[in-house]
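# Coordinate analysis (summary)
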Amino acid sequence: MSETHQLTDLQIAILRVLWEKGQATVAEICDALRPDRQLALTTVATLLSRLEKRGVVDHETRARQFVYRALVTESEVQRSMVSELSERLFDGNVAEMMSHLLTGREITPGDLDRMKALLEEHAGRKETKHAR
C-alpha cells in the first residue's frame, strides 16, 4: 500500500466492523456500533461514501441496499498510520518512538518477551537479505 490512510476514530470503528464481518450494510454497521455510539444511518452512510471516494471501501448493490466491504486491511491501515505518526512526531526515528512507547506505559514481562522475539526475527530477516 503506497497511499497513506489517515483515518479518524469513527472511520476506524466503521472499518473494524467491515474487517470483522467481511461486508455489511449501513444498518448493520450502525447496529454493530450502537453499544458505543448512537449514530444516525445518514451519518454512517456519509462516512462510507467519503471512504469510498478515498478508495478505502467499495460497495455493491443487493436488494436495493448498498453492501460495503473494506479495500484495505487492518494491517495496511496500522502500518500507514504508524509510519505517518513516526514521521510527524519522531522525525522518522524508530528507536526514539520505541523508547517513548516503552517508557510511556506499563509493559508486562510477556510483552517484553514478545518484543524481544520480534526484534530477533527482524534482525534475522535483515541478515538473510544481506547474505544473498
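Notes on the structure follow.

The subject of this paragraph is the overall build of the chain. Check the secondary structure of the chain and you find six helices and three strands. Starting at the N terminus, the α and β elements of the chain follow one another as α-β-α-α-β-β-α-α-α. Taking 14 Å as the expected radius of gyration for a compact globule of 132 residues, we find that the chain reaches 19 Å, considerably beyond that expectation. Considering only C-alpha atoms, the chain reaches an extent of 55 × 40 × 25 Å along its principal axes. In the chain, buried positions account for 24% of the 132 residues. Sequence-distant contacts, at least 24 apart, represent 51% of the contacts inside the chain between residues at least 6 apart.

Summarising the element assignment, Ser-86 is placed in helix H4 (residues 74–90). The class for Ser-86 is buried, based on a relative accessible area of 7%. Filtering out sequence-adjacent residues up to four positions away, Ser-86 remains in contact with Asp-91, Gly-92, Asn-93 and Met-97.

What follows concerns the packing of helix H1 (residues 9–21) against helix H2 (residues 26–33). Packing of H1 against H2 brings their axes to within 10 Å, and their N-to-C directions diverge by 110°. Viewed along their axes, H1 and H2 adopt a mutual orientation that is roughly perpendicular. Counting all contacts with H1, which are made through Leu-10, Ala-13, Ile-14, Val-17, Leu-18 and Lys-21, the residues of H2 involved are Glu-28, Ile-29, Ala-32 and Leu-33. Classifying every residue of the contact of H1 with H2 by side-chain character gives eight nonpolar, no polar and two charged.

What counts as what
Residues numbered from 1 in each chain as written. Predicted model: local features only at pLDDT ≥ 70, side-chain atom pairs only at ≥ 80, totals over all residues. Heavy atoms only, no water. Helix = DSSP H or I, 4+ residues; strand = E, 2+ residues; numbered from the N terminus. Rg over C-alpha atoms; globule rule 2.2 N^0.38 Å. Buried < 20%, exposed > 50% of the residue type's maximum accessible area, 1.4 Å probe, protein only. Contact = heavy atoms within 4.5 Å. Axes fitted to C-alpha atoms, helices over the stretch in contact; angles between N-to-C directions. Parallel < 35°, antiparallel > 145°, perpendicular 65-115°, else oblique. Nonpolar A, V, L, I, M, F, W, Y, C, P; charged D, E, K, R; others polar.

Remember that the coordinates give geometry; whether it matters functionally is a separate question.
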